[in-house]
Amino acid sequence: MSASAPQAREGARTGTWWRHGLISAGVLVGAGLGWQLLSYVFSGDVNGSASPVVPGWGWLIDRALPAMANYGGDGMGLGAAEGGTRGSYGGAFSVLVSASAVTWGRLLIGLIGGAALGIVLAVAVSWSKWLARFLELPSNLLRMLPALALIPLFQLWFGISFKGVVIFMVYTNGIVFFVGMLNAIRNVPPIYLHNAKALGASKLRTYGTVVLPAILPELRSTVFFSLGWSWSAVV
């Protein structure tokens, strides 16, 4: 009986995983079929052009996907279509790979840099009351500024370039991580800190062995929120 109970629990977890996977796959298939149905309902063109209002999957695969080669030059040795010609699947694949690499590079650099900046500032503010007096008010004022409204300023200051996008990503992610990290540190139960102090732990050791492990569950939501924000901002 005792040996079969873990197996039963493992089987239940596996069944749940497969059930959720099938439901997710069904939702994706249903969304694809719904999109194709909408392409039949709204079959007209946009202002008399050759682009349909709701392009069906056949149009996307046969026309739109190869036409992406127009945006890639001669990437990877594949001649891209010019002047509105049909293009090629090889050129479209080259464009997708290169553009995805640039996008992921911006996202990862901005996310890691912003996380480092926000975490360092949050730890500094929670560590020292003097640093809190100097940094907390300006950082909270910056947090109130709408990030999307700052995009024109960052474009003016740093240009529409890889560097400008990365700096904007680091700034916005830094604000998100600063707020999330500072809130997580302040939510650590005081009894944890009192017990560590009673056992003779220094402030540095208390942060390393008590505070940082205690905030990891709460910091997870900050990471997920920052990932979602980064993806929308980098595009």
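These remarks concern the structure in this document. This structure is a prediction, so every number in the text was calculated from the model and none was measured.

## Considering the overall build of the protein chain
Point 1. When its secondary structure is counted, the protein chain shows eight helices and zero strands.
Point 2. Counting from the amino terminus, helix and strand elements in the protein chain follow one another as α-α-α-α-α-α-α-α.
Point 3. Of the contacts formed within the protein chain by residues at least 6 apart in sequence, a portion of 60% connects residues at least 24 apart.
Point 4. For the protein chain, the accessible area works out to roughly 15,400 Å², and carbon and sulfur atoms hold 71% of it.

## Quick word on the nonpolar core
Within soluble globular proteins, side chains that are nonpolar tend to cluster in buried spots.
Point 1. Judged by nonpolar contacts, the single largest core of 13 residues is most densely connected at Met181, Val211 and Ile215.
Point 2. Going through the elements one at a time, helix 3 (89–127), helix 6 (162–186) and helix 8 (203–234) are the ones with two or more residues in this core.
Point 3. Among the elements that make up this core, the one with the highest residue count is helix 6 (five residues).
Point 4. Once residues lying within four places of it in the same chain are set aside, the contact partners of Met181 are Ile119, Ala122, Val123, Leu212, Ile215 and Leu219.
Point 5. Counting residues in hydrophobic clusters, the runner-up holds 11 residues, among them Leu107, Ile175, Trp229 and Val234.

## With respect to the packing of aromatic side chains
Point 1. A full pass over the atoms with the stated rule returns seven aromatic pairs.
Point 2. Considering the side-chain rings of Trp104 and Trp231, the 5.5 Å spacing of their centres and the 45° angle between planes classify their relative orientation as tilted. Taken as a pair, Trp104 in helix 3 and Trp231 in helix 8 lie far apart in primary sequence, 127 residues in all.
Point 3. Trp231 gets classed as partly exposed once you look at its relative accessible area, which sits at 43%.
Point 4. Ring centres 5.2 Å apart and planes at 75° place the aromatic pair Phe154 and Phe168 in the edge-to-face group. Placement of the pair is Phe154 in helix 5 (residues 151–158) and Phe168 in helix 6, with a sequence separation of 14 residues. With respect to burial, Phe154 and Phe168 carry one shared label: buried.
Point 5. Among the aromatic residues, ring-to-ring pairing joins Phe154, Trp157, Phe158, Phe168 and Tyr171 into one connected group.

## Here's the deal with the side chain of Asn173
Point 1. Mapped onto the elements, Asn173 comes out in helix 6.
Point 2. Asn173 sits in the buried class, given a relative accessible area of 0%.
Point 3. For Asn173, the residues in contact, after removing those within four places along its chain, are Gly110, Leu111, Gly114, Ser226, Trp229 and Ser230.

## A short note on helix 8
Owing to its 3.6 residues per turn, the α-helix brings residues three or four apart onto one side.
Point 1. Between its terminal C-alpha atoms helix 8 stretches only 38 Å, short of the 46 Å expected from 32 residues at 1.5 Å a residue.
Point 2. Taken as a whole, helix 8 carries its principal kink of about 55° at Pro217.
Point 3. All buried positions along helix 8 are accounted for by Thr206, Tyr207, Val210, Val211, Ile215, Leu219, Thr222, Ser226, Trp229, Ser230, Ala233 and Val234.
Point 4. In this structure, the buried residues of helix 8 make contact with helix 3, helix 6 and helix 7 (190–198).

## Side note on the packing of helix 7 against helix 8
Point 1. Running from N to C, helix 7 and helix 8 cross one another at 165°; their axes reach a closest spacing of 10 Å. Classed by the angle they form, the pair helix 7 and helix 8 counts as roughly antiparallel. Pair helix 7 / helix 8 crosses with right-handed handedness. Here Tyr192, Leu193 and Ala196 of helix 7 lie close against helix 8, whose contacting residues are Thr206, Val210, Val211 and Ala214.
Point 2. Taken together, the residues of the contact of helix 7 with helix 8 sort by class into six nonpolar, one polar and no charged.

## Let's talk about a nonpolar patch on the surface
Point 1. A contiguous nonpolar patch, built from Trp35, Leu37, Leu38, Tyr40, Val41, Phe42, Val53, Trp57, Ile61 and Tyr89 and spanning about 1,000 Å² of accessible area, is present on the exposed surface.
Point 2. For the nonpolar patch, the secondary structure elements donating two or more residues are helix 1 (4–41) and helix 2 (57–67).
Point 3. For the nonpolar patch, the element with the highest residue contribution is helix 1, accounting for five residues.
Point 4. Relative to the helices and strands, Tyr40 resides in helix 1.

Cut-offs used in this document
- Residues numbered from 1 in each chain as written.
- Predicted model: local features only at pLDDT ≥ 70, side-chain atom pairs only at ≥ 80, totals over all residues.
- Heavy atoms only, no water.
- Helix = DSSP H or I, 4+ residues; strand = E, 2+ residues; numbered from the N terminus.
- Contact = heavy atoms within 4.5 Å.
- Areas by Shrake-Rupley, 256 points an atom, 1.4 Å probe, with all protein chains shown as cover.
- Core = buried A, V, L, I, M, F, W, Y, C linked by side-chain atoms within 4.5 Å.
- Buried < 20%, exposed > 50% of the residue type's maximum accessible area, 1.4 Å probe, protein only.
- Phe/Tyr/Trp six-rings, centres within 6.5 Å; stacked < 30°, edge-to-face > 60°.
- Expected span 1.5 Å × (residues − 1).
- Bend = angle between axes of the 7 residues up to and from the residue.
- Axes fitted to C-alpha atoms, helices over the stretch in contact; angles between N-to-C directions.
- Parallel < 35°, antiparallel > 145°, perpendicular 65-115°, else oblique.
- Left-handed = near helix turned anticlockwise from the far one by under 90°.
- Nonpolar A, V, L, I, M, F, W, Y, C, P; charged D, E, K, R; others polar.
- Patch = residues over 30% accessible without salt bridge, like charges linked within 9 Å, V, L, I, M, F, W, Y side chains within 5 Å.
- Salt bridge = Lys/Arg side-chain N within 4 Å of Asp/Glu carboxyl O.

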